[in-house]
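# Analysis of the macromolecular model
So the chains spell out like this:
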Amino acid sequence: MNNALINKLLDTNAGWGALALRIPVGIIFVAHGAQKLFGWFGGYGLEGTGQWMDSIGLSPGYLMALLAGGTEFFGGLALIIGLLVRPASAALAFAMVIAIFSVHIQNGLFMSNNGYEFGLALLAASVSLMFSGAGRASVDRLVAAR
């Protein structure tokens, strides 16, 4: 693979602030992905999540649950450790756009009505990390320095 492309993926112009964003957002994504994939934290696992996704028109539901759960779980892990943060953030941002427009938009902004405010906050954090990169305390920075 082209070294220039790898350097662009791993490059970061963020300082320590990205760490303060990456860790909590990564934890949230890992937890939500674990609900979908494994049924942890009160989730329904792949079967239940897949059936629900089918019911709202995201078919095939099992595959959509696997894609959404995998993106959230592994993308969240990537954010936490600071590895491939730009592509992980892009995938997570895409997942949040899908969640907002397929589930939450019709309920308005506020979470109390199952609205899109939480998804919007996660989308904004993901987009921010996609542009800034992982920051100083990250695997990306260590690899890019080599």
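All of the points below concern the structure found in this document. Values in this document were obtained by computation on a predicted structure and should not be read as measured data. (Residues numbered from 1 in each chain as written. Predicted model: local features only at pLDDT ≥ 70, side-chain atom pairs only at ≥ 80, totals over all residues. Heavy atoms only, no water.)

Now for the overall build of the protein chain. Tallying secondary structure elements over the protein chain gives seven helices and zero strands in all. When the helices and strands of the protein chain are listed from N to C terminus, the series reads α-α-α-α-α-α-α. What you see for the protein chain is a C-alpha radius of gyration of 16 Å, in line with the 15 Å of a compact globule of 146 residues. Burial analysis of the protein chain (146 residues in total) assigns 38% to the buried set. A sequence separation of at least 24 residues applies to 65% of the contacts in the protein chain between residues at least 6 apart. Of the roughly 8,000 Å² of accessible surface on the protein chain, 68% is carried by carbon and sulfur atoms. Across the protein chain, the 7 positively charged side chains and the 6 negatively charged ones have centroids separated by 18 Å. (Helix = DSSP H or I, 4+ residues; strand = E, 2+ residues; numbered from the N terminus. Rg over C-alpha atoms; globule rule 2.2 N^0.38 Å. Buried < 20%, exposed > 50% of the residue type's maximum accessible area, 1.4 Å probe, protein only. Contact = heavy atoms within 4.5 Å. Areas by Shrake-Rupley, 256 points an atom, 1.4 Å probe, with all protein chains shown as cover. Lys, Arg positive; Asp, Glu negative; His and termini not counted. Charge placed at Lys NZ, Arg CZ, Asp CG, Glu CD.)

It is worth spelling out the pattern of salt bridges at this point. What the rule picks out here adds up to one salt bridge. For the salt bridge of Lys-36 with Glu-72, the shortest nitrogen-to-oxygen distance reads 2.9 Å. Placement of Lys-36 in helix H2 (residues 17-38) and of Glu-72 in helix H4 (residues 61-81) is noted, with a sequence separation of 36 residues between them. When its relative accessible area of 16% is taken as the criterion, Lys-36 is described as buried. (Salt bridge = Lys/Arg side-chain N within 4 Å of Asp/Glu carboxyl O.)

Counting residues in each nonpolar core, the largest one holds 16 residues, and the members touching the most others are Val-25, Phe-29, Leu-79 and Met-96. At the level of elements, H2, helix H5 (85-104) and helix H6 (117-132) are the ones that each hand at least two residues to this core. Ranked by the residues each element gives to this core, the list is headed by H5, at six residues. Core analysis: the next-biggest nonpolar cluster, separate from the first, contains eight residues, Val-30, Leu-37, Leu-46 and Ala-65 among them. (Core = buried A, V, L, I, M, F, W, Y, C linked by side-chain atoms within 4.5 Å.)

Let us now look at unusual backbone geometry. Looking along the chain, the bond that leaves Ser-59 and enters Pro-60 is cis, with omega of -5°. Within the secondary structure, Pro-60 sits in the loop between helix H3 (45-55) and H4. The phi dihedral of Phe-41 is positive, around 55°, even though this residue is not glycine. Within the secondary structure layout, Phe-41 lies in the loop between H2 and H3. On the accessibility criterion, Phe-41 (59% relative accessible area) is exposed. Of note in the backbone geometry, Leu-84 takes a positive phi value of approximately 50° without being a glycine.

Bringing the side chain of Ser-132 into the picture now. Take Ser-132: it is sitting in helix H6. Judged by its relative accessible area of 17%, Ser-132 falls in the buried class. Setting aside anything within four residues of it in sequence, one finds Ser-132 in contact with Thr-12, Asn-13, Ala-14 and Arg-86.

Let us look at the packing of H3 against H4. The geometry of H3 relative to H4 is characterised by a closest axis approach of 7 Å and an angle of 115° between their N-to-C directions. The orientation of H3 relative to H4 falls into the category roughly perpendicular. The interaxial crossing formed by H3 with H4 has right-handed handedness. Across the interface between the two elements, Leu-46, Glu-47, Thr-49, Gly-50, Met-53 and Asp-54 of H3 pack against Gly-61, Tyr-62, Met-64, Ala-65, Leu-66 and Ala-68 of H4. Taken together, the residues that form the contact of H3 with H4 break down as seven nonpolar, three polar and two charged. (Axes fitted to C-alpha atoms, helices over the stretch in contact; angles between N-to-C directions. Parallel < 35°, antiparallel > 145°, perpendicular 65-115°, else oblique. Left-handed = near helix turned anticlockwise from the far one by under 90°. Nonpolar A, V, L, I, M, F, W, Y, C, P; charged D, E, K, R; others polar.)

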